[in-house]
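# Secondary and tertiary structure notes
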Amino acid sequence: YSMLDLTKKYKRNPDVIIKNIGKTQVALNTESGSEYKLNEVSYDMLEQLSSGLSVETLIETMTQLYDVSKETMTADCKKWLPVALEKELILLSE
């Protein structure tokens, strides 16, 4: 994995809606029709990114939300952000 750029800002793709269906969290791209199952953490990350945040702010917010170390949340973001970008759940925010 490359270094995570903490200054980059991401936002949820405006075509993506997220829903809780029973105990399952789902992201639906209304443009492509693609549907992705989310875990609780990725669901909350997408929710936080609805307004567009820097990676640094996302990590701080999620660290407090889940009461985990900054290192743990940074590792989660390193894994999840590239996947979310690839699946067009999030976009780079200017």
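Residues numbered from 1 in each chain as written. Predicted model: local features only at pLDDT ≥ 70, side-chain atom pairs only at ≥ 80, totals over all residues. Heavy atoms only, no water.

## As for the packing of helix α1 (residues 40-48) against helix α3 (residues 70-86)
Two numbers describe how α1 lies on α3: the axes approach to 12 Å, and their chain directions differ by 80°. Judged by the inter-axis angle, α1 sits roughly perpendicular to α3. Counting all contacts with α1, which are made through Val-41, Ser-42, Met-45 and Leu-46, the residues of α3 involved are Met-73, Asp-76, Cys-77 and Trp-80. Class assignment for the residues of the contact of α1 with α3 results in six nonpolar, one polar and one charged. (Axes fitted to C-alpha atoms, helices over the stretch in contact; angles between N-to-C directions. Helix = DSSP H or I, 4+ residues; strand = E, 2+ residues; numbered from the N terminus. Parallel < 35°, antiparallel > 145°, perpendicular 65-115°, else oblique. Contact = heavy atoms within 4.5 Å. Nonpolar A, V, L, I, M, F, W, Y, C, P; charged D, E, K, R; others polar.)

## Thoughts on the sheet that holds strand β6 (residues 90-93)
In a beta sheet, neighbouring strands are held together by backbone hydrogen bonds and run either parallel or antiparallel to one another. Strand order in the open sheet made by the three strands is β5-β1-β6, with antiparallel pairing throughout. Lying at the two open borders of the sheet, with one neighbouring strand each, are β5 (53-54) and β6. Pairing geometry for strand β1 (residues 9-12) and β5, over two bridges, is antiparallel. Of the residues in β5, the one forming a bridge with Tyr-10 is Leu-53. (Pairing = 2+ DSSP bridges.)

## Looking at the sheet that holds strand β4 (residues 35-38)
Here three strands make up an open sheet; going across it, the order is β2-β3-β4 and the pairing antiparallel. Each edge of the sheet is formed by a strand with only one pairing partner; in this case those strands are β2 (16-21) and β4. Going from strand to strand, the sheet's axes swing by 25° on average, the running direction of each strand aside. Each of β2, β3 (24-29) and β4 is contacted by α1, which is oriented at about 140° to β2, the strand it contacts most.

## Here we look at α1
Every buried residue of α1 is accounted for by Ser-42, Tyr-43, Asp-44, Met-45 and Leu-46. Residue Asn-39 occupies the N-cap position of α1, its side-chain oxygen lying 3.1 Å from the main-chain nitrogen of Val-41. (Buried < 20%, exposed > 50% of the residue type's maximum accessible area, 1.4 Å probe, protein only. Polar contact = N/O pair within 3.5 Å; in protein donor to acceptor, adjacent residues only side chain to side chain.)

## Observations concerning the packing of helix α2 (residues 55-66) against α3
Two elements in contact, α2 and α3, have axes whose closest approach is 9 Å; the angle formed by their N-to-C orientations is 125°. By the criterion of interaxial angle, the relationship of α2 to α3 is oblique. Of the two possible hands of crossing, α2 and α3 adopt the one that is right-handed. Every residue of α3 that contacts α2 at Val-55, Leu-58, Ile-59, Met-62, Thr-63 and Tyr-66 is listed here: Lys-70, Met-73, Thr-74, Cys-77 and Leu-81. Classifying every residue of the contact of α2 with α3 by side-chain character gives eight nonpolar, two polar and one charged. (Left-handed = near helix turned anticlockwise from the far one by under 90°.)

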